[in-house]
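The residues making up each chain are set out below.
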Amino acid sequence: MAPALDGPVQAALVQYLLRLGDDRLVLGHRLSEWCGHAPILEEDIALANIALDLVGQATLFLGLAGAAEAAGRDADALAYLREAIDFRNVLLAELPKGDFAFTIVRQFLFSVAAYYRLEGLATSSHGDLAGIAGKALKETRYHVRHSGEWVIRLGDGTSESHTRTQAALDALWRYTGEMFLADDVDATLVRAGVIPDLATAEPKWLAQVTGVIERATLAVPPSGYMQRGGRTGRHTEHLGIMLAEMQILQRSYPGAKW
Amino acid sequence: MVAAAHDLAAVWATLEGVPDPEVPVLSVVELGIVRDVEVDADGRLTVSITPTYSGCPALQVIEHDIRDALARGGWPDARLRTVYSPVWTTDWIGADARRKLEAYGIAPPPGRAPRDSGRDDLVLLQRRVPPVACPYCGSHATTMRSVFGPTACKAVMYCDQCRQPFELFKAI
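Predicted model only: the values in this text are computed from it and were never measured.

This part takes up the pattern of salt bridges. Applying the stated criterion across every chain yields a total of 17 salt bridges over all chains. The closest approach of N and O atoms between arginine 231 of chain A and aspartate 23 of chain A, which form a salt bridge, is 3.0 Å. With a gap of 208 residues between them, arginine 231 of chain A in the loop between α9 (201–215) and α10 (237–252) and aspartate 23 of chain A in helix α1 (residues 7–32) connect regions that are remote in the sequence. For arginine 79 of chain B, the salt bridge is made with aspartate 40 of chain B, and the minimal N-O distance between the two is 2.6 Å. With arginine 79 of chain B in strand β3 (residues 79–82) and aspartate 40 of chain B in the loop between β1 (34–39) and β2 (45–49), the pair connects residues that are 39 residues apart, well separated along the chain. Given the relative accessible area of 27%, arginine 79 of chain B is considered partly exposed. Judged by relative accessible area, aspartate 40 of chain B falls into the partly exposed class, the value being 27%. In the salt-bridge network here, residues are joined through shared partners; they are Arg19, Asp183 and Asp186 of chain A.

Here it is in structure tokens:
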């Protein structure tokens, strides 16, 4: 069992775990929208597999959040019975799936950031958090490879795929800054020694992402204003619509099992 | 606790008889899913298991099958505990189990699980991978069709020699 934490640290831990879980639940659901629609069968299976990994990671992180919160909510209650305003995912995760280039570029930008965050969290002093992060890290390595190799193929492919991939990169870039925002939640956990300081994740991410973008003959968008809000529950209108579809069964038939 | 020690061997033997639902040629013990078997202070049995992949849909079936086998073996009140560290790896699949996988038509994990080498090699279009032998004809002239296969733990391969598609248990 994890050692007992002070009240404010425990509250920060719940928020942090919700952020980790919600990023993966929302992005996993977006990816699952490709099921049966991907360009080729192998890619359909790949996107469904990555979605399954993300939803599985979300289940573990949300389960841990529910246990830390100690209010009787399990992973299912947190996933299906919260309103959009209670979700803590980054805006990047909730944007509609777009075309294949948009989905792949988003997956790449997210997976690389997730990779360096999980690498740090795998050394957390919180045993279950470290273990789940370590497992997710192994899965994320495959996601980074898969999406990164697609970015290179699409960017350095036909003029059509190049144009679409650059457009996706330009549209998504302003949503990337939020993945590295550190607020009181992060600071509280770092001070308490629960998680390491993850300030190096952003430069590592930028170096990795820049390398792939250049190999893909694409241009790194200029740095500029970064969107934010998801971590405090201020979401785009897209999240509510997604949740309506994701939650309708449990909302209509509470407690339904099959 | 001599009696308990005796019981534990029987528990392990029972668990070795529980097949993995996706890879029924291997038991949950051979796959490394069962991590520990203990008798608690109150005399109840606790079996620790660890998930393979975060989203493995077979995990609930595995838990059910383990409870069922333990109940039939005379431990109906056994507890199941999920542990997350150390993190599950295909490195735990032993030589015997690898041979069973191959005989079943699934290529065993090639080499050891990938580790961070500190090198910036996350994204490469061409990756040096250990050769994978076709489980049907033994040829090493095989190609990976997709890293992501019909289950989270498997990739899709193709044998250029006997022209047979086959599955590969991914090293993770």
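This next bit is on the interface of chain A and chain B. Bring the parts together and some accessible area is lost; that lost area is often taken as the interface size. With 35 residues of chain A at the interface, the matching set in chain B holds 31 residues. Taken over both partners, the interface formed by chain A and chain B buries close to 2,900 Å², and the fraction arising from carbon and sulfur atoms is 61%. On the chain A side of the contact with chain B, Lys135, Lys138 and Tyr142 of chain A bury the most area, a combined 23% of that side's loss. Run the count over chain A and chain B and you get 0 salt bridges. Counting across the interface, chain A meets chain B through 6 residue pairs in polar contact (both at pLDDT 80 or more). Residue assignment for the side of chain A that touches chain B shows that the elements contributing at least two residues are α2 (41–69), α5 (100–121), α6 (127–155) and α9 of chain A. If you tally residues by element for the side of chain A that touches chain B, the top one is α6 of chain A, at 18 residues. A breakdown of the residues in the side of chain A that touches chain B according to their chemical character gives 13 nonpolar, 10 polar and 12 charged.

Where a protein is soluble and globular, its nonpolar side chains tend to be buried together. Formed by 119 residues in total, the largest nonpolar core has its most connected members in Trp205 of chain A together with Ile66 and Leu70 of chain B. Take this core: its biggest share by element is 15 residues, from α5 of chain A.

Below, the discussion takes up α1 of chain A. With 26 residues, α1 of chain A extends 37 Å from end C-alpha to end C-alpha; this agrees with the ideal 38 Å at 1.5 Å per step. When you tally the buried positions in α1 of chain A, you get 20 out of 26 residues, the bulk of the element.

Attention now moves to the environment of leucine 62 of chain A. All names here are of chain A. Tracing the backbone through its elements, the reader meets leucine 62 in helix α2. Since its relative accessible area comes to 1%, leucine 62 is described here as buried. Spatially, the C-alpha atom of leucine 62 lies 34 Å from that of isoleucine 152, the residues being 90 residues apart in sequence. Sequence-distant contacts of leucine 62, that is, excluding residues within four places in its chain, are made with Leu18, Gly21, Asp22, Leu25, Ala75, Leu78, Ala79 and Arg82.

So, on to the side chain of arginine 19 of chain A. Of note, arginine 19 of chain A is situated in helix α1. Excluding residues within four positions of it along the chain, arginine 19 of chain A makes contact with Arg88, Asp183, Val185, Asp186 and Arg231 of chain A.

Quick look at the packing of α2 of chain A against α5 of chain A now. Residue and element names in this part refer to chain A. Packing of α2 against α5 brings their axes to within 13 Å, and their N-to-C directions diverge by 40°. Relative to α5, the element α2 is oriented oblique. For the crossing formed where α2 meets α5, the hand is left-handed. Contacts from Glu43, Leu47, Ile50, Leu54 and Phe61 in α2 reach Phe100, Thr103, Ile104, Gln107, Phe110 and Leu118 in α5.

Time to look at the packing of aromatic side chains. Residues and elements named next belong to chain A. For the coordinates displayed, the defined rule picks out 6 aromatic pairs over all chains. Ring geometry for phenylalanine 100 against tryptophan 150: centres 5.2 Å apart, planes inclined by 85°, an arrangement best described as edge-to-face. Taken together, the residues span a long stretch of sequence, with phenylalanine 100 in helix α5 and tryptophan 150 in helix α6 at a distance of 50 residues. Classification of phenylalanine 100 as buried rests on a relative accessible area of 12%. Measuring from centroid to centroid gives 5.4 Å for tyrosine 115 and tyrosine 116, while their planes differ by 85°, and the two rings are edge-to-face.

A separate point is the sheet that holds strand β4 (residues 106–107) of chain B. All names here are of chain B. The 4 strands are arranged β4-β7-β6-β5 in an open sheet whose pairing can be described as mixed. With one partner strand each, in any of the chains shown, β4 and β5 (142–146) form the two edges of the open sheet. Where β5 and strand β6 (residues 154–159) come together, 4 bridges link them in antiparallel fashion. Across the sheet, the residue bridging to serine 146 is valine 156, located in β6.

Reading the values: rules and limits
- Residues numbered from 1 in each chain as written.
- Chains lettered and ligands numbered in written order.
- Predicted model: local features only at pLDDT ≥ 70, side-chain atom pairs only at ≥ 80, totals over all residues.
- Heavy atoms only, no water.
- Salt bridge = Lys/Arg side-chain N within 4 Å of Asp/Glu carboxyl O.
- Helix = DSSP H or I, 4+ residues; strand = E, 2+ residues; numbered from the N terminus.
- Buried < 20%, exposed > 50% of the residue type's maximum accessible area, 1.4 Å probe, protein only.
- Contact = heavy atoms within 4.5 Å.
- Buried area = accessible area lost by both parts, 1.4 Å probe.
- Polar contact = N/O pair within 3.5 Å; in protein donor to acceptor, adjacent residues only side chain to side chain.
- Nonpolar A, V, L, I, M, F, W, Y, C, P; charged D, E, K, R; others polar.
- Core = buried A, V, L, I, M, F, W, Y, C linked by side-chain atoms within 4.5 Å.
- Expected span 1.5 Å × (residues − 1).
- Axes fitted to C-alpha atoms, helices over the stretch in contact; angles between N-to-C directions.
- Parallel < 35°, antiparallel > 145°, perpendicular 65-115°, else oblique.
- Left-handed = near helix turned anticlockwise from the far one by under 90°.
- Phe/Tyr/Trp six-rings, centres within 6.5 Å; stacked < 30°, edge-to-face > 60°.
- Pairing = 2+ DSSP bridges.

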